[in-house]
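One letter stands for each residue in the lines below.
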2 protein chains.
Amino acid sequence: MPSYKPTYFDGRGFAEPARMLLHIAGVPFEDVRIPFEELMPGKQSERFLEMKEKTPFGRFPVLSVDGFDIPQSSAIIRYLAKKFRYTGKTPEEQAWADAIVDQFKDYMESFRQFIYAQRGGKSEEEIKKIHDEVFVTAKEKFLEEIERILEKNRSGYLIGDGLTWADLVIADHLYTLGNLKELEVKSLEEYKERIYSLPELRDYIQGRPQKEM
Amino acid sequence: MPSYKPTYFDGRGFAEPARMLLHIAGVPFEDVRIPFEELMPGKQSERFLEMKEKTPFGRFPVLSVDGFDIPQSSAIIRYLAKKFRYTGKTPEEQAWADAIVDQFKDYMESFRQFIYAQRGGKSEEEIKKIHDEVFVTAKEKFLEEIERILEKNRSGYLIGDGLTWADLVIADHLYTLGNLKELEVKSLEEYKERIYSLPELRDYIQGRPQKEM
């Protein structure tokens, strides 16, 4: 069995679906979490700067597999999904999972703008403007798309009749939205809960570090 | 043989690597190009609005394969690359191709901002600011990454010892940068030229509609 080592900040964010997938597959892994104190702008630790320097693109998450470093969260999760057979059953299902995750990635640009506005110390008014005009607009559009896909597919999963990595990506973000009081769509709360209650995930989710996002 | 029908605007943009891949594979396809006159804001044609309404996410490109619609450019090209064996030879090569294309997608957000600033009628000064501070900064970082990958890999391709879909995505964007007088890295010009001169592509590239981007 290869050694798997995902490295990310001490949050869920773009690494959590990979951690979830490793738990579902029952594969032991070294869960490297860089504490937020080490990455504060202007006060970054030597250790963090060295780790960052060694990543392929100067960014996290990175997944090391027997020392081979894979950057970019979607590439990481797709890689694991392929290994453990959660990419979808046909080339068409696989393409549909890829498309949903890329649509998610596009929407996340608006989420990123909102979070950075908050963290970057912008005025209340500016934050509200970005929240209302950029983030909420994109969020509503994206969540409607996810709702429509689930309604049409009817299996309780986004693609085909079983779990794919796209479910982990989307469900974990819905959980984040819930934490931020930004999720008001009942069918999507139920969908998130359904994924979160999978027998292979329940224990991990109950025991994992509690993080807002 | 399934029927392949990519639909996009009458440019290269996010659809061209898929068209190139179909040509490399020697597969006939219906190349649907929506003229720009039909998509002018405020003057969009009925036909365009109907086509857009029918896409999975209200956006182009979409690839129809025997009537099954795949949205999102990376999902489309990866799907074709999988069918015709241009994804990379091992799961690790495939993950690396995925990661490079996702890194490209992140950088393209800055390119998009620059192009939209120009098209959105912003002042010269604002356009220059976005060009210099957003686009060029991101471009230089991204091109350095691509240079480093090519230097390290030594085969003339980004990944392994043969052509992958990532080469088509990157080379076609380098061609766009060249058209815009935004490419001043000799080794990358040579790389672009190498991909563009592949025997399976040469004829298509010489005969295809000439588009700036």
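How each quantity is defined
Residues numbered from 1 in each chain as written. Chains lettered and ligands numbered in written order. Predicted model: local features only at pLDDT ≥ 70, side-chain atom pairs only at ≥ 80, totals over all residues. Heavy atoms only, no water. Salt bridge = Lys/Arg side-chain N within 4 Å of Asp/Glu carboxyl O. Helix = DSSP H or I, 4+ residues; strand = E, 2+ residues; numbered from the N terminus. Buried < 20%, exposed > 50% of the residue type's maximum accessible area, 1.4 Å probe, protein only. Domains from an automatic or database assignment. Contact = heavy atoms within 4.5 Å. Buried area = accessible area lost by both parts, 1.4 Å probe.

1. A word on the pattern of salt bridges
Under the definition given, this model contains 44 salt bridges over all chains. A salt bridge links Asp 106 of chain B to Lys 105 of chain A, with the shortest nitrogen-to-oxygen separation between them at 2.8 Å. Highlighted residues: Asp 106 of chain B in helix H4 (residues 91–119) and Lys 105 of chain A in helix H4 (residues 91–119), drawn from two different chains. Under the relative-accessibility criterion, Lys 105 of chain A is labelled buried at 17%.

2. Side note on the domain arrangement of chain A
All names here are of chain A. With domains assigned, chain A is organised as domain 1 (4–84) and domain 2 (91–198). Between the C-alpha centres of domain 1 and domain 2 there is a distance of 21 Å. Taken together, the 12 residues of domain 1 in the interface contact 13 residues of domain 2. Across the domain 1 to domain 2 interface the summed buried area is about 1100 Å²; carbon plus sulfur atoms make up 67%. A per-residue breakdown of the area domain 1 buries against domain 2 is headed by Arg 12, Met 20 and Arg 78, which together make up 43% of the total. Here domain 1 and domain 2 share 2 salt bridges between them. Residue Asp 172 pairs with Arg 12 through a salt bridge whose shortest N-O separation is 2.8 Å.

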